[in-house]
Amino acid sequence: HAESNINAGKQKAESCASCHGENGNSMVATFPKLAQQHSSYLEQQLRSFKDGSRNDPMMSAMAQTLNDADIADISAYYAAQKVSENTLPVLAADDEKPAGNKDVQATIAQGSDLYRNGNLKSEVSACIACHGPFGEGNKPASFPALKSQHADYLIKALTDFKSGARSNNPENIMHMIAKKMTDEEIKAVSYRISMM
Ligand code: HEM
Ligand code: HEM
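Visitor: Could you give an account of the site of ligand 2, with specific residues and numbers?
Guide: Around ligand 2, a shell composed of 24 residues is seen, among which C127, C130, H131, Y153 and M174 lie nearest. For ligand 2, an oxygen atom lies 3.1 Å from a polar atom in the side chain of Y41. With respect to ligand 2, the side chain of Q45 contributes an N or O atom lying 3.1 Å from an oxygen atom. Mapped by element, the contributors of at least two residues to the shell around ligand 2 are α3 (39-51), α8 (128-131), α9 (151-163) and α10 (173-179). Residue contributions to the shell around ligand 2 peak at four residues, all from α9. Among the residues making up the shell around ligand 2, the classes are represented as 17 nonpolar, six polar and one charged.

Visitor: Can you explain the domain arrangement of the chain? Please cite residues and give values.
Guide: The assigned domain composition of the chain is domain 1 (2-79) and domain 2 (98-194). When each unit is reduced to the centre of its C-alpha atoms, the spacing between domain 1 and domain 2 is 22 Å. Domain 1 puts 18 residues into the contact, and the matching count from domain 2 is 17 residues. Taken together, the residues of the side of domain 1 that touches domain 2 sort by class into six nonpolar, 10 polar and two charged.

Visitor: Just give me the short version of the coordination of the iron atom of ligand 1, but keep the residues and values in it.
Guide: Ideal geometry at a metal centre gives angles of 109.5 degrees when four donors are arranged tetrahedrally and 90 or 180 degrees when six donors are arranged octahedrally. Distances from the iron atom of ligand 1 to its protein donors, H20 (NE2) and M59 (SD), fall within 1.9 to 2.1 Å. Around the iron atom of ligand 1, the six donor atoms are arranged such that angles at the metal cover 85 to 179°; this shape is classified as octahedral. Of this pair, H20 sits in helix α2 (residues 17-20) while M59 is found in helix α4 (residues 59-64), placing the two residues 39 residues apart along the sequence. The same class applies to H20 and to M59, which are both buried.

Rules used in this analysis
Residues numbered from 1 in each chain as written. Chains lettered and ligands numbered in written order. Predicted model: local features only at pLDDT ≥ 70, side-chain atom pairs only at ≥ 80, totals over all residues. Heavy atoms only, no water. Near = heavy atom within 4 Å. Polar contact = N/O pair within 3.5 Å; in protein donor to acceptor, adjacent residues only side chain to side chain. Helix = DSSP H or I, 4+ residues; strand = E, 2+ residues; numbered from the N terminus. Nonpolar A, V, L, I, M, F, W, Y, C, P; charged D, E, K, R; others polar. Domains from an automatic or database assignment. Contact = heavy atoms within 4.5 Å. Donors = N, O, S within 2.8 Å, 3.2 Å for Na, K, Ca; no water. Tetrahedral: all angles 85-135°; square planar, octahedral: opposite > 155°, others 65-115°. Buried < 20%, exposed > 50% of the residue type's maximum accessible area, 1.4 Å probe, protein only.

Listed below in C-alpha cells is the structure:
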C-alpha cells in the first residue's frame, strides 16, 4: 500500500539526509537530488549500487544495508517529495567563461538547443524525447526526471556515461548518446537542465 510505503520510507531515509538533504533536496552540487524522482528509476539505481553494476564509494556501501522492502519504501518516499528549484549558482565559481570561452547566455542557448533538437550532425538524440519538455522524465518508461538537478552532478553523470564508468544497464541508451557528445555540449546541456 503506497501510503504505508511512504511512511516507512521516511523513517528509513533518515540516514540518507546527510548527503541527499531534507526531503531529498540535496544542497550539495555533487550529491543528486532524489525528490520527485520516479520510484521505479530509484529502485533500479539502488539495486545497481547493491549488485555492484553501478559504483560509487559512498553509495555502494549504503546500498548494501538495504533489503528489497527498504528499497521499495525509500523509493516511494522520495518519489512523493517535491523537487525544489535550484538555489545554487548555475555556473561554478571558477567557470565564468564555460564551454570554450563563450559567454554564459550563449552556453545556455546551446544547451536549450541540444535538449530540444539534439545534434543532427553528430547524431545526438534530442533529450526532450525521453526526459520531457520540462525535464519531468517519463514515469511508465522509468526515464528519470532531470528537472532542477544540480549541474555538477549532471556533468558527472554524463561524463561517466561517456567514458563507460556508468553503464549498469547493458542496453543503457545514455551510454550511446553521451559517447557522441563533446565535453562542451555536456556542460551546456547540464547548465540548462539545472535551471528547469
Ligand atoms: C546517488 C539513494 C545515502 C551520496 C544516489 C542515487 C540514489 C541514492 C537513488 C542515484 C541518483 C540518481 O541516479 O539520480 C540513497 C539512499 C541513501 C543514500 C536511499 C540512504 C540509504 C547517501 C549518503 C551519501 C550519498 C549517506 C554520502 C555519504 C551519493 C552520491 C551519489 C548518490 C555521491 C552520486 C553517485 C554518482 O555520482 O554516480 N543515492 N543515497 N548517498 N548518493 Fe546516495
Ligand atoms: C539517464 C541526460 C537523452 C533515456 C540520464 C541521466 C542524465 C541524462 C543526466 C542520469 C540521470 C540521473 O543520474 O539522475 C540526457 C541528456 C540527453 C538525454 C542530456 C540528450 C542529449 C535521452 C534519450 C533517452 C534517454 C533520447 C531515451 C531514448 C535515459 C534513460 C536513463 C537516462 C533510460 C536511465 C539510465 C540508467 O539506468 O542509468 N539521461 N539524456 N535519455 N536517460 Fe537520458
